[in-house]
Amino acid sequence: MTARFTGQRAVVTGAAGGIGAAVAARLAREGAHVLVVDIDARGAELTASRIGGTAAGLDVTDPASVRAALGGEPFDVLVNNAGMDDFGWFTEVDPDRWRKVLAVNVEGVLACTQAVLPGMQSRRYGRIVTVTSEAGRIGSKGNAVYAAAKAAVIGFSKSIARENARYSITANCVAPGPTETPMVQAIRDMGERGDTMLARMIAGTQLGRLGTPDEIAAGVAFLASPEASYVTAETLGVSGGMGLGG
Ligand SMILES: NC(=O)c1ccc[n+]([C@@H]2O[C@H](COP(=O)([O-])OP(=O)(O)OC[C@H]3O[C@@H](n4cnc5c(N)ncnc54)[C@H](O)[C@@H]3O)[C@@H](O)[C@H]2O)c1
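Residues numbered from 1 in each chain as written. Predicted model: local features only at pLDDT ≥ 70, side-chain atom pairs only at ≥ 80, totals over all residues. Heavy atoms only, no water.

(A) The arrangement of the site of the ligand in detail. In the vicinity of the ligand lie 26 residues, with Asp 38, Asn 81, Tyr 146, Thr 179 and Thr 181 positioned nearest. Within the backbone of Ile 19, an N or O atom sits 2.8 Å from an oxygen atom of the ligand. One of the side-chain nitrogen or oxygen atoms of Thr 181 is found 2.5 Å away from an oxygen atom of the ligand. Contact with the protein chains covers 89% of the free accessible surface of the ligand, which is 820 Å². Of all the secondary structure elements, the ones that give two or more residues to the shell around the ligand are α1 (18-29), α6 (144-164) and α7 (182-188). Considering every element that reaches the shell around the ligand, the biggest residue donor is α7, with 3 residues. Each residue belonging to the shell around the ligand can be placed in one class, and the counts come to 14 nonpolar, 9 polar and 3 charged. (Near = heavy atom within 4 Å. Polar contact = N/O pair within 3.5 Å; in protein donor to acceptor, adjacent residues only side chain to side chain. Areas by Shrake-Rupley, 256 points an atom, 1.4 Å probe, with all protein chains shown as cover. Helix = DSSP H or I, 4+ residues; strand = E, 2+ residues; numbered from the N terminus. Nonpolar A, V, L, I, M, F, W, Y, C, P; charged D, E, K, R; others polar.)

Given below as structure tokens:
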């Protein structure tokens, strides 16, 4: 394996498990010192101890704590991965539920990005990778608020790319398709309705299967690496072809 992150500092949000843990492990294997942050502080510590990184408990929806945790030492790489979904027909979703989904998936990305940008700007280097979803590009039946949130961060990321190109900072998104993580397990745990939803998602991919966290991490690592120096404002689908729709 190459070592594209030797000497670099990276922070990965929502890295207690799932895709975030795989991203943290991939960056660490390639030489980065990784700060693992998650609202699940114990899970963050477990990931950090496995990969030789450091951990902090952090709620991305609390801007003051985000600034305190991320605003000190400069980072070369920020991976905005923390996220949550909440299934239900949109007519049944009340504002408290949609505020929570928007807070984690959108405001969390804003807060973490704002916390690390000054350090990247002063060092004139940075890679910001935001984990969105194909739901943000093609919509998602039963997950409208999540899809809205994931679309919002694509627009945000493109704007950050525009504002920060003069500092050699790039901002890109990765759009996973259905991926074998606790998030997908939670869909299975919904029973028959969940099985139907999952089968529909898998059928929406061309490759006809779930992705693995390591497959998503490979896409994130490319965009986070120095070699992606001429790639900015993009959204890379790592979704088995789900972006085609149908
Ligand atoms: N698994 C999929 O099928 C899939 C598909 C498309 C996109 N995604 C996206 O990938 C990312 C990772 O998801 P995953 O599948 O690994 O899910 P996951 O539930 O395993 O991981 C999400 C992590 O985010 C953390 N988190 C939640 N709220 C937080 C908060 N307020 N502050 C800090 N951390 C918080 C959770 O504790 C958890 O560790 C998410 O952004 C998700 O929307 C996942």
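Picking up where we left off.
(B) Region of interest: the packing of aromatic side chains. Applying the stated criterion across every chain yields a total of 1 aromatic pair. Each ring, one from Phe 90 and one from Trp 98, has its centre 5.8 Å from the other, and the planes form 20°; the classification is stacked. Exposure remark for Phe 90: the relative accessible area of 47% places this residue in the partly exposed category. The cationic tip of Arg 9 hangs over the ring face of Phe 75; the distance from NZ or CZ to the ring centre is 4.6 Å. (Phe/Tyr/Trp six-rings, centres within 6.5 Å; stacked < 30°, edge-to-face > 60°. Buried < 20%, exposed > 50% of the residue type's maximum accessible area, 1.4 Å probe, protein only. Lys NZ or Arg CZ within 6 Å of the ring centre and 35° of its normal.)

(C) Summary view of the pairing of strand β4 (residues 77-80). Side chains of β4 alternate between two faces, with Val 77 and Val 79 and Leu 78 and Asn 80 buried alike. Pairing geometry for strand β1 (residues 9-13) and β4, over 3 bridges, is parallel. What sits directly across from Val 12, in β4, is Val 79. In this structure, β4 lies alongside strand β5 (residues 126-131), joined through 4 bridges in parallel fashion. Across the sheet, the residue bridging to Asn 80 is Thr 130, located in β5. Once you follow β4 into helix α4 (residues 95-123) and on to β5, the crossover reads as right-handed. (Pairing = 2+ DSSP bridges. Right-handed = clockwise from strand over helix to strand, strands pointing away.)

(D) Region of interest: the nonpolar core. Counting 28 residues, the largest nonpolar core has Val 12, Val 23, Leu 27, Val 34, Val 36, Val 79 and Val 220 as the members making the most contacts within it. Elements that contribute at least two residues to this core include exactly β1, α1, β2 (33-38), α2 (41-51), β4, β5 and α9 (213-224). Tallying contributions element by element places α1 first for this core, with 7 residues. If we skip the residues at most four places from it in the chain, Leu 27 touches Phe 5, Ala 10, Val 12, Ala 32, Val 34, Val 77, Val 79 and Ala 221. (Core = buried A, V, L, I, M, F, W, Y, C linked by side-chain atoms within 4.5 Å. Contact = heavy atoms within 4.5 Å.)

(E) The state of the cysteines, seen in detail. Taken as a whole and judged by the stated rule, the model has 0 disulfides. Free of any disulfide, Cys 112 has its nearest neighbouring cysteine sulfur in Cys 173, separated by 14 Å. (Disulfide = S-S within 2.5 Å.)

(F) Molecular detail of the packing of α4 against α6. The interhelical angle for the contact between α4 and α6, taken along N-to-C directions, is 15°, at an axis separation of 9 Å. In terms of orientation, α4 and α6 fall into the roughly parallel class. By crossing handedness, the relation of α4 to α6 is classed as right-handed. Across the interface between the two elements, Trp 98, Val 101, Leu 102, Asn 105, Val 106, Val 109, Leu 110, Thr 113, Leu 117 and Gln 121 of α4 pack against Val 145, Tyr 146, Ala 149, Lys 150, Ala 152, Val 153, Phe 156, Ile 160 and Asn 164 of α6. (Axes fitted to C-alpha atoms, helices over the stretch in contact; angles between N-to-C directions. Parallel < 35°, antiparallel > 145°, perpendicular 65-115°, else oblique. Left-handed = near helix turned anticlockwise from the far one by under 90°.)

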